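# Observations on chain architecture
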Amino acid sequence: MESKDKDHILSLKVMRLTRPSLFTGLAIGCDARDLPGEYLNADIRADIAIPQGLSNTGVGHMLLLPQSFGNIYLGETFSCCLCVHNDGSDSIREVSIKAVLQMSNQRVPLLGEDDNEMLHQLEGNGTINEVIQHEVKDIGTHILVCAVSYLSSSGDRLSFRKFFKFQVMKPLDVKTKFYNAEDYVSDEVYLEAGVQNITSGPLCLEKVELEPSPYFSVTPMNKVSQESNTLVFGRMNVVNPHDTRQYLYCLKPKPEARSNPAALRQATAIGKLDIVWRTNMGDRGRLQTSQLQRMAPQYGDVRVTVERIPSVVRLEEQFEVGLSITNICERTLELHLDFLGGGGGSEWSGVSSRSLPSLQPGQSTNLSLSLVPLQTGLQTIAGVRLTDTFLKRTYNYENLAQVFITNEKSVEHESFFSAWVNQVA
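Scope of this entry: the structure provided in the associated data block. Here, residues in each chain are numbered from 1, in the same order as that chain's written sequence. Only residues with pLDDT of 70 or above have their local features reported here, since the model is predicted, and side-chain atom pairs are shown and tallied only from 80 upward, although totals for entire chains, interfaces and linings are computed over all residues. The side-chain values count all of the structure's non-hydrogen atoms but skip hydrogen atoms and water molecules.

### Some thoughts on the sheet that holds strand β1 (residues 10–16)
Two strands form a pair only when DSSP identifies at least two bridges running between them. Runs of E in the DSSP output that reach at least two residues are strands. Runs of H or I that reach at least four are helices, and both are numbered from the N terminus. The sheet built from three strands is open, its strands ordered β1-β5-β9 with antiparallel pairing. The open sheet has two free edges, formed respectively by β1 and β9 (127–135), since each of these has just one partner strand. Averaged over all adjacent pairs, the angle separating strand axes in this sheet is 20 degrees, with direction ignored. As paired strands, β1 and strand β5 (residues 77–86) are joined by seven bridges and run antiparallel to one another. If you follow R16 over to β5, its bridge partner there is C80. Think of each axis as a best-fit line through the C-alpha atoms, taken over the contacting stretch in the case of a helix, with angles from 0 to 180 degrees between the N-to-C directions.

Structure follows, in structure tokens:
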């Protein structure tokens, strides 16, 4: 039989378990020459909650117990204590306590839902305390349903329920941008992630890592240098409310993915961001984003990569460029090669138009092409044009790479420019 709570000899209270906060007070001081004189300043100095020497900050060194339910954010652990008290003097038998957390799309049992449920005996003026914890994984309205049942002195089974409603809010706002490598040398993908604190207090970001998909390996670019473990944000990465931290990651295709260009072209899943933070009182939270998706680069049916090119060449001395041409469609390709002009810094040498061997699906062919440098400085190679003779479709590969062209007098700087061009590439 279920009845109202006020008709029962047992009472139920639910208290949320949270860490205390630092005492904050309103420090009102005055100049000694004002009418109050030193009275207000003396009261501040006599306040035991205000630390010595910091009387005007308003932040004390004493802990303050929670005064309200507080905010609950996604990724944190919700903890509460269920307290059942026997308001009478008689012993109550077979006391059962159950707790269920209801969301919009699921129901999570937290206490007393298993087959081996423990039944308590509660003496007069006695108390039963149960602590439950649950990692919050959904945003929105949550309802904690608590049910208590027991045997009355007359042998009747009595029960009552209480409902506690609270909102779970979003703690972080994550925005991402993807940048595909603009050159044809690699399939690198750069991910820029902005993590904004949208809570009401400061957060300390302990970890912001990218867990890549099986196609990629990841290199974080958030350190002062690759040799140092010091993050650009410092050892304590504290983010104030509404502030944002920007993170950058470089993803490179794994060798097995690079050998399958067709699969790599269709790979849109990059990975997941794993974020761990702590509040100003040490409460821990953790979030993992859903699978991040990018727009795959459109190579068409054929792909060209630069496999070999010198960093520095001498003026008017011919050099070689190695290209790899790969068929990434499901049919045999008949291709025709033409050189593109307009580079300015160098000109192609050799037959400017020719047919290439047939390429089976997934097959590659390597070409060695010659150029003559005509101008000094960092020059861009114009590129090539491939024509699919069956579909009459053309593919222009402009700005294939860059090369530094030097004259005879600057040969001694070749090693310096070679290292610098390699860093740029």
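### Details of the sheet that holds strand β24 (residues 335–339)
The strand order across the open sheet built from four strands is β26-β24-β29-β30, with neighbouring strands paired in antiparallel fashion. Unpaired on one side and paired on the other, β26 (353–355) and β30 (393–398) mark the two borders of the sheet. Across the sheet, the axes of successive neighbouring strands diverge by a mean angle of 20 degrees, strand direction being ignored. Two strands pair when backbone bridges link them, and β24 and β26 are joined in this way by three bridges, in the antiparallel orientation. For H336, the partnering residue across the bridge sits in β26 and is S355.

### Notes on the pattern of salt bridges
Any two side chains of opposite charge can pair, so long as their charged atoms come close to each other. Each salt bridge in this description consists of a side-chain nitrogen of Lys or Arg and a carboxyl oxygen of Asp or Glu lying within 4 Å of one another. Tallied over the entire structure, the rule returns eight salt bridges. Close ionic contact of K170 with D173 constitutes a salt bridge, the shortest N to O distance being 3.6 Å. A simple rule labels every residue: compare its accessible area, found with a 1.4 Å probe on the protein chains alone, to the largest value its type can have, and call it buried under 20%, exposed over 50%, or partly exposed in between. The exposure class of K170 is partly exposed, given its relative accessible area of 40%. Residues joined by salt bridges that share partners form a network here, namely K207, D274 and R286.

### As for unusual backbone geometry
Phi is positive for N125, which is not a glycine, with a value near 60 degrees. Within the secondary structure layout, N125 lies in the loop between β8 (120–122) and β9. According to the relative accessible area criterion, N125 is exposed, its value standing at 56%. Of note in the backbone geometry, H242 takes a positive phi value of approximately 75 degrees without being a glycine. If you trace the backbone, H242 turns up in the loop between β16 (238–239) and β17 (244–253). The class of H242 is exposed, set by a relative accessible area of 57%.

### Points about the environment of S149
Relative to the elements of secondary structure, S149 occurs in strand β10 (residues 140–151). Residue classification places S149 among the buried positions, given a relative accessible area of 17%. Residue contacts are defined here by distance: any two heavy atoms, one from each residue, within 4.5 Å place the two residues in contact. Ignoring any residue separated from it by four or fewer positions in sequence, one finds S149 in contact with E94, V95, S96, R157, L158 and S159.

### Thoughts on the nonpolar core
By size, the foremost hydrophobic cluster in this structure holds 48 residues, and its most contacted members are L10, L82, V84, V95, L144 and L205. Among the elements that take part in this core, strand β6 (residues 92–102) stands out by supplying five residues, more than any other. In plain words, nonpolar cores are sets of buried Ala, Val, Leu, Ile, Met, Phe, Trp, Tyr and Cys residues tied together by side-chain atoms within 4.5 Å.

### Focus on the environment of V372
Relative to the helices and strands, V372 is located in strand β27 (residues 364–373). Look at V372 and you get partly exposed, because its relative accessible area is 24%. For the pair V372 and R314, spaced 58 residues apart in the sequence, the C-alpha separation amounts to 9.4 Å. Discounting chain neighbours no more than four positions away, the residues touching V372 are E316, Q318, S346, E347 and S349.

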